[in-house]
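# Coordinates in review
One letter stands for each residue in the lines below.
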Amino acid sequence: MRIPASILTLLAGMALVLTGLWVGQNVNLLPAQASANAPVYDELFKVLFSIGTILFVGIVGLIVYSLARFRRRAGETGDGLAIEGNLPLEILWTAIPAVVVLFVGIYSYDIYDRMGGMTPLNDHSMHAMAGSEERTWGGISPVSLDGDPAIAPLPVDVTAMQFAFIFHYPDSDITSGELHVPVGQPVALQMKALDVIHAFWVPQFRLKQDVIPGQPTLLSFTPTRPGQYPIVCAELCGPYHGGMRSSVIVEEPESFAAWVAKNSPAASATTTAVQS
Ligand code: CUA
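Definitions and cut-offs
- The numbering scheme is per chain: residues are counted from 1 as the chain's sequence reads.
- Where totals are concerned, whole chains, interfaces and linings use all residues; where local detail is concerned, this predicted model gives features only for residues with pLDDT of at least 70, and gives and counts side-chain atom pairs only at 80 or more.
- By convention in this description, side-chain values take in all heavy atoms of the structure and omit both hydrogens and water.
- Only DSSP runs of H or I reaching four residues or more are called helices, and only runs of E reaching two or more are called strands; each is numbered from the N terminus.
- Relative accessible area decides the class of each residue, using a 1.4 Å probe on protein chains only: under 20% of the type maximum gives buried, over 50% gives exposed, and in between gives partly exposed.
- Two residues form a contact once any of their heavy atoms are found within 4.5 Å.
- Accessible surface area values rest on a Shrake-Rupley calculation with a 1.4 Å probe, where residue burial reflects the displayed protein chains alone.
- To estimate the expected span of a helix, count its residues, drop one, and scale the result by 1.5 Å.
- Here, a strand pair is defined by DSSP locating no fewer than two bridges between the strands.
- Structural elements are reduced to axes, namely lines fitted to C-alpha atoms, with helices fitted over the stretch in contact, and the angle between N-to-C directions of any two is expressed from 0 to 180 degrees.
- Patch building starts from residues that exceed 30% relative accessible area and form no salt bridge, then joins like charges within 9 Å and nonpolar side chains (Val, Leu, Ile, Met, Phe, Trp, Tyr) within 5 Å.
- When a carboxyl oxygen of Asp or Glu lies within 4 Å of a side-chain nitrogen of Lys or Arg, that pair is called a salt bridge.
- Lys and Arg are tallied as positive, Asp and Glu as negative. Neither His nor the chain termini are counted.
- Taken as the charge location is NZ of Lys, CZ of Arg, CG of Asp or CD of Glu.
- Each angle is binned into one of four classes, with values under 35 degrees roughly parallel, values over 145 roughly antiparallel, values of 65 to 115 roughly perpendicular, and all other values oblique.
- By definition, turning the near helix anticlockwise from the far helix through less than a right angle yields a left-handed crossing, and turning it clockwise yields a right-handed one.

### With respect to the overall build of the chain
Scanning the chain from N- to C-terminus turns up 5 helices and 11 strands. A burial count over the chain gives 33% of its 276 residues as buried. Sequence separation of 24 or more characterises 68% of the internal contacts of the chain that already satisfy a separation of 6 or more. Carbon and sulfur atoms make up 65% of the accessible area of the chain, which amounts to about 16600 Å² in all.

Have a look at this one:
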């Protein structure tokens, strides 16, 4: 007894979808999750990875199958079968990608919203830059996702230039080449560029934000995992763009407080005053 081709196609399709779903859920290509955003972002990535696996295996599989199954046999000299148009098939292969693309678009929007990307940027002026009502042009606001809204975000001014990131803590007046943050507390980066467009990217935080001259941007996140992670400039900004890197050090609140106490010019001035 021969199994009809339609049944075989259906079974192959089901196997393909199940394989794609399994790969999306079980094959992890991403680095450690070190911010509250990371699990949210990875949800989307898993779905995209499933869709990508289904498309890749399906398309490459069909090409390989067709190469073997429909190859020219010995002695064949005639033209192939002339096939012109197949309306149901054309409707199907237009409708399926349209649904997939719409779904991915709406789902991405939802994830961006949950990460705080759609929260108005200029409502909560966390720390007005000295005397200026500067408008923040883009970025991610602190949101409820980042845990207890009662915990005030730690403000840090980020200045990007060819070819370095400089971090300044307005509360303690520390200037640093590395970003130190306490685990569990929201951080709000106010970012400015002095020359050209740069991009602040921490893969373990699943966050990337352009830093644009003349248009301050904001990037908020809550670090969730102590450790040292790379900060990478992700926008071609000149000949040494590839070397424009720094580190973010996520540490326990006590060691962060110790770092602040050790490096704060105000603190050391107070210590000196007390000592003298
Ligand atoms: Cu700065 Cu690339």
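The structure having been displayed, the exposition proceeds.
### Examining the environment of Arg-225
As for its placement among the helices and strands, Arg-225 is situated in the loop between strand 9 (217–221) and strand 10 (227–233). Sequence separation between Arg-225 and Gln-204 is 21 residues, and the spatial gap between their C-alpha atoms is 9.6 Å. When neighbours within four sequence positions are excluded, Arg-225 is seen to be in contact with Ala-32, Gln-33, Ala-34, Val-183 and Val-250.

### Comments concerning helix 2 (residues 37–69)
Given 3.6 residues per turn, any residue in an α-helix points the same way as the ones three and four places further on. The terminal C-alpha atoms of helix 2 lie 47 Å apart, and with 33 residues this matches the ideal 48 Å at 1.5 Å per residue to within 8%. Here the buried face of helix 2 lies against helix 1 (5–26), helix 3 (87–114), strand 8 (207–211) and strand 9.

### Overview of the sheet that holds strand 8
Reading across from one edge, 5-11-10-7-8 is the order of the 5 strands in this open sheet, with mixed pairing throughout. On the outer flanks of this sheet lie strand 5 (179–182) and strand 8, each paired with one strand and no other. Across the sheet, the axes of successive neighbouring strands diverge by a mean angle of 20°, strand direction being ignored. With 6 bridges joining them, strand 10 and strand 11 (residues 245–251) adopt antiparallel strand pairing. Its bridge partner lying in strand 11, Gly-227 is registered against Val-250. The sheet strands contacting helix 4 (residues 253–263) are strand 5 and strand 11, and the helix crosses strand 5 at an angle near 135°.

### A look at a positive patch on the surface
A grouping of Arg-2, Arg-69, Arg-71 and Arg-73 is seen on the molecular surface, where their side chains present a positively charged patch. Relative to the assigned elements, Arg-73 resides in the loop between helix 2 and helix 3. On the accessibility criterion, Arg-73 (35% relative accessible area) is partly exposed.

### A few points about the sheet that holds strand 1 (residues 138–140)
Hydrogen bonding along the main chain pairs the strands of a sheet, whether they run parallel or antiparallel. One open sheet holds the 6 strands; their spatial order is 1-9-6-2-3-4, and the pairing between them is mixed. Of all strands in the sheet, those bounded by a partner on one side alone are strand 1 and strand 4 (174–176). For this sheet, the mean inter-axis angle between neighbouring strands, taken without regard to orientation, is 20°.

### Details of the pattern of salt bridges
Counted according to the given criterion, the structure contains 3 salt bridges. Residues Arg-206 and Asp-42 are paired through a salt bridge, measuring 2.6 Å at the closest nitrogen-oxygen approach. You can see Arg-206 sitting in the loop between strand 7 (198–202) and strand 8 and its partner Asp-42 sitting in helix 2, a full 164 residues away along the chain. Its relative accessible area of 8% is what places Arg-206 among the buried residues. Ionic pairing is found between Arg-114 and Glu-43, a salt bridge with its closest N-O pair at 3.2 Å. Here Arg-114, found in helix 3, pairs with Glu-43, found in helix 2; they are 71 residues apart in sequence, far enough to count as distant. Taken together, the shared-partner salt bridges in this structure form one network comprising Glu-43, Asp-110 and Arg-114.

### Some points on the pairing of strand 9
Burial analysis of strand 9 places 5 of its 5 residues in the buried class, which makes it a mostly covered element. As defined by bridge partners, strand 6 (residues 187–193) adjoins strand 9 across 5 bridges and the pair is classed as antiparallel. Residue pairing for strand 9: Leu-189 is matched across the bridge by Leu-219.

### Let's talk about the packing of helix 2 against helix 3
Remark: helix 2 packs on helix 3, axes separated minimally by 9 Å, with the N-to-C direction vectors making an angle of 165°. On the basis of their axis angle, the class for helix 2 and helix 3 is roughly antiparallel. Regarding helix 2 and helix 3, the two cross each other, and that crossing is left-handed. Contact residues: Val-40, Tyr-41, Glu-43, Leu-44, Val-47, Leu-48 and Ile-51 in helix 2; Val-100, Phe-103, Val-104, Tyr-107, Ser-108, Ile-111 and Arg-114 in helix 3.

Geometric descriptors of this kind do not, in isolation, establish any biological role.
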